[in-house]
Each structure stands twice: as C-alpha cells, then as structure tokens.
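# Report on the structure
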Amino acid sequence: MSSISFIVPALNEEKNIRGTVESIEFIAKHYFKDWEILIFNDGSQDRTRPIVEEIQKTNSRIRIFNHATPQNLGFCYRRGVEESTKDYLIMIPGGNECG
C-alpha cells in the first residue's frame, strides 16, 4: 500500500463535489496508506469554493487551489503534478462521473 494524490478539477460542481470527495475517500482508505485530494476550483461561478472550504475544515487531506478564471484541464493536471506529495497520482473529474 503506497500513497496517492487525487487531482480533481472542478468547474461549477456545487451539486457534485461533495459526492466526488466521498467517492475518492471510500476508495482511498481501502487501498492506500496515505492520500491527498488536490481540488482545483477552476473559475467556478457557483458555490463550489465555499463547499470545498467547508469540507476542508474537517479534512486535512484536502488542499484547494482557486483560479479566478478557468485554466482548463491541462493546466489543472500540470499544477496537480507539481503540487503532489504522494507516490502516485490520478485525475478524477469533479463532477463525480466515476462515482
């Protein structure tokens, strides 16, 4: 069991981001000894940012990166690679499409 960073780009995902985080945690705690969730609030105009900040208050594994305007998936991925502190990494959509 190694460690993993989850890169999560999120643009206007207020209805989905909480479920995305819950899905990631469900899988991560079963397969990894350590993990982090890097959420890239990519210029959202809805409540994505305050929802993530609320979740972050009770979950030290979450780090949020806020963009004033959308920077798109490639930028979020590259920045996630730079910010990652774990052995492995994966990008998961903020819309919980994988959950």
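Presented here is an overview of the structure given in this document.

Parameters at a glance
- Residues numbered from 1 in each chain as written.
- Predicted model: local features only at pLDDT ≥ 70, side-chain atom pairs only at ≥ 80, totals over all residues.
- Heavy atoms only, no water.
- Pairing = 2+ DSSP bridges.
- Helix = DSSP H or I, 4+ residues; strand = E, 2+ residues; numbered from the N terminus.
- Axes fitted to C-alpha atoms, helices over the stretch in contact; angles between N-to-C directions.
- Contact = heavy atoms within 4.5 Å.
- Buried < 20%, exposed > 50% of the residue type's maximum accessible area, 1.4 Å probe, protein only.
- Polar contact = N/O pair within 3.5 Å; in protein donor to acceptor, adjacent residues only side chain to side chain.
- Salt bridge = Lys/Arg side-chain N within 4 Å of Asp/Glu carboxyl O.

### Examining the sheet that holds strand β3 (residues 62-67)
Spatially, the four strands line up as an open sheet ordered β3-β2-β1-β4, and their pairing is parallel. Every interior strand has two partners, whereas the edge strands, β3 and β4 (88-91), have only one. Ignoring which end each strand starts from, the neighbouring axes of this sheet average 20° apart. Note that strand β1 (residues 3-10) and strand β2 (residues 34-42) share eight bridges and pair parallel. When the sheet's bridge partners are listed, S5 is paired in β2 with E36. Across the sheet, helix α1 (residues 17-31) is in contact with β1, β2 and β3; its angle to β2 comes to roughly 160°. Sitting on the sheet, helix α3 (residues 72-83) is in contact with β1, β2, β3 and β4, with an inclination near 145° to β2.

### Focus on the side chain of S5
By the element assignment, S5 lies in strand β1. Among the residues examined, S5 registers a relative accessible area of 0% and is labelled buried. Looking at S5, its side chain comes within polar contact range of the side chain of S84, at 2.8 Å. Once residues within four sequence positions are removed from consideration, S5 is found in contact with E36, L38, S84, T85, K86, Y88, L89 and I90.

### A closer look at the pattern of salt bridges
All chains considered together, the criterion is met by seven salt bridges. Between R61 and D34 there is a salt bridge, and its shortest N-O distance comes to 3.1 Å. Of this pair, R61 sits in the loop between α2 (48-57) and β3 while D34 sits in strand β2; the two residues are 27 residues apart in sequence, bridging distant segments of the chain. For R61, a relative accessible area of 27% gives the class partly exposed. Here D34 falls in the partly exposed class, since its relative accessible area comes to 27%. Of the charged contacts, one joins R49 and E53 as a salt bridge, the two residues approaching to 2.8 Å between their closest N and O atoms. One end of the pair, R49, and the other, E53, are both in helix α2, four residues apart, so they sit about a helical turn from each other.

Keep in mind these numbers describe shape, not what the thing actually does.
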